[in-house]
Amino acid sequence: METEQHFAQQFDNSAARAQFALSNVTGDVISVSNALIRALSGNTICITDAPCGAGAATYAFLCAIAELRAHSVFPRMRLDVFMIGGEISDYARTIAKEMLSELRPYLESQAIFVEAEFHPWDVTIDLSTTDLMNAAARASKAGCKRLVVVANFSGFLSLPGKLKASKPQLAELFRYSSGADHVAVWLEPQMNFATSEGGLFPSIAQWAKDSWHR
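Basis of the calculations
- Residues numbered from 1 in each chain as written.
- Predicted model: local features only at pLDDT ≥ 70, side-chain atom pairs only at ≥ 80, totals over all residues.
- Heavy atoms only, no water.
- Helix = DSSP H or I, 4+ residues; strand = E, 2+ residues; numbered from the N terminus.
- Buried < 20%, exposed > 50% of the residue type's maximum accessible area, 1.4 Å probe, protein only.
- Contact = heavy atoms within 4.5 Å.
- Areas by Shrake-Rupley, 256 points an atom, 1.4 Å probe, with all protein chains shown as cover.
- Core = buried A, V, L, I, M, F, W, Y, C linked by side-chain atoms within 4.5 Å.
- Polar contact = N/O pair within 3.5 Å; in protein donor to acceptor, adjacent residues only side chain to side chain.
- Pairing = 2+ DSSP bridges.
- Axes fitted to C-alpha atoms, helices over the stretch in contact; angles between N-to-C directions.
- Salt bridge = Lys/Arg side-chain N within 4 Å of Asp/Glu carboxyl O.
- Phe/Tyr/Trp six-rings, centres within 6.5 Å; stacked < 30°, edge-to-face > 60°.

*Asks:* An account of the overall build of the protein chain is needed here, citing residue identities and associated values.
*Replies:* Along the backbone of the protein chain there are nine helices and five strands. Counting across all 214 residues of the protein chain, residues that qualify as buried make up 47%. Expressed as a percentage of contacts within the protein chain between residues at least 6 apart in sequence, the contacts between residues at least 24 apart total 79%. Per element, the accessible surface of the protein chain, about 10,900 Å² overall, is 53% carbon and sulfur.

Encoded structure:
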């Protein structure tokens, strides 16, 4: 099964990429690291992870914070997390649910409490994205910080016609996370489609600027 193969071969890479972004061990993503640490330091946050796959990015962020707390690098302030995962694969959503059950005792030992909902999401369909955003809005409470995570999406978006069909829905994700104390991060491997001139990241730069201009 394709999902099983991707989970077995790529989950570790995806998780490591997220941990590098949060820890900034390479010293070249300071603003991303600072934004993530501020968002995940404590209080309440709603994380919209789309596409979430098996949860690699969000779980890597939370486990990194937990590990830093366990070693007294960060204070152990209560952090309540409402995770909304959007993913087209039923099987990937099942893996994400099962993995959270395994991680929850460790996270809670470091005062990180996670409630999660996983929804079917097709980025090319506007109503599918609206349903996902409505779920995120219901999970967000007054004063709740927001974090939108997009990770490992370049493979799908590089397929013919997919980027064009997805643009309006991706812009909606960015609009949802705009505002004070809200953060959006997009993580990709250093593939030409993502990083080259005319590639994915140059294309989304204008969407982010337009959505976050406030």
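Continuing now.
*Asks:* Summarise the nonpolar core; cite the residues concerned and give the values.
*Replies:* Leu40, Phe61, Leu62, Ile112 and Leu147 are the most contacted members of the largest nonpolar core, which has 41 residues in total. The element best represented in this core is helix 3 (residues 56-70), accounting for 10 residues. Apart from residues no more than four positions distant in its own chain, Leu40 is found in contact with Leu22, Ile45, Ile47, Phe61, Leu62, Ile65, Arg69, Leu79 and Leu147. Residues Trp121, Leu132, Leu157 and Phe174 belong to the second largest nonpolar core, which totals 22 residues.

*Asks:* Go over the environment of Ser178 with me, naming the residues and quoting the values.
*Replies:* With respect to the helices and strands, the residue Ser178 is situated in the loop between helix 7 (162-176) and strand 5 (182-187). As a C-alpha pair, Ser178 and Arg146 span 32 residues in sequence and 8.7 Å in three-dimensional space.

*Asks:* Tell me about the side chain of Ser166, and please be specific about residues and values.
*Replies:* Relative to the helices and strands, Ser166 resides in helix 7. Given a relative accessible area of 0%, Ser166 falls into the buried group. Within the structure, Ser166 has its side chain in polar contact with the backbone oxygen of Lys162 (distance 2.7 Å). Excluding its chain neighbours within four sequence positions, the residues that come into contact with Ser166 are Val123, Thr124, Phe156 and Leu157.

*Asks:* Tell me what's going on with the sheet that holds strand 5, and back it up with residues and numbers.
*Replies:* A sheet is described by the order of its strands in space; here five strands give the open sequence 3-2-1-4-5, paired in parallel fashion. Bordering the open sheet on either side are strand 3 (112-119) and strand 5, each of which pairs with just one other strand. For this sheet the average axis-to-axis angle between neighbouring strands, irrespective of direction, equals 15 degrees. One ladder, built from eight bridges, connects strand 2 (residues 79-86) with strand 3; its direction is parallel.

*Asks:* Mind laying out the pattern of salt bridges, listing which residues take part and the relevant values?
*Replies:* For the structure on display, the rule yields two salt bridges. Between Arg78 and Asp80 there is a salt bridge, with its nearest N and O atoms 2.9 Å apart. Arg93 is paired through a salt bridge with Asp90; the nearest N and O atoms lie 2.3 Å apart. Of this pair, Arg93 and Asp90 are both found in helix 4 (residues 90-109), three residues apart, which corresponds to roughly one turn of the helix.

*Asks:* Describe the packing of aromatic side chains, with residues and values.
*Replies:* Counted by the stated rule, this structure contains three aromatic pairs. Centre to centre, the rings of Phe153 and Phe156 are 5.5 Å apart; their planes meet at 10 degrees, and the pair counts as stacked. On the accessibility criterion, Phe153 (7% relative accessible area) is buried. Its relative accessible area of 28% is what places Phe156 among the partly exposed residues. Aromatic pair Phe174 and Trp186: ring centres 6.2 Å apart, planes at 25 degrees, arrangement stacked.

*Asks:* Report on the environment of Phe156, specifying residues and quantitative values.
*Replies:* With respect to the element layout, Phe156 can be found in helix 6 (residues 154-157). Contact partners of Phe156, with chain neighbours within four places excluded, come to Val123, Thr124, Lys162 and Ser166.

*Asks:* Before we move on, could you go through the pairing of strand 4 (residues 145-151) and cite the residues and values that matter?
*Replies:* Both faces of the sheet carry side chains from a regular strand, because those side chains alternate between them. Burial within strand 4 is extensive, with six of its seven residues counted as buried. Sheet topology note: the strand 1 (residues 43-49)/strand 4 ladder contains five bridges and is parallel. Within strand 4, the position partnered with Asp49 by the bridge is Val149. With six bridges connecting them, strand 4 and strand 5 associate as parallel partners. Across the sheet, the residue bridging to Val149 is Val185, located in strand 5.

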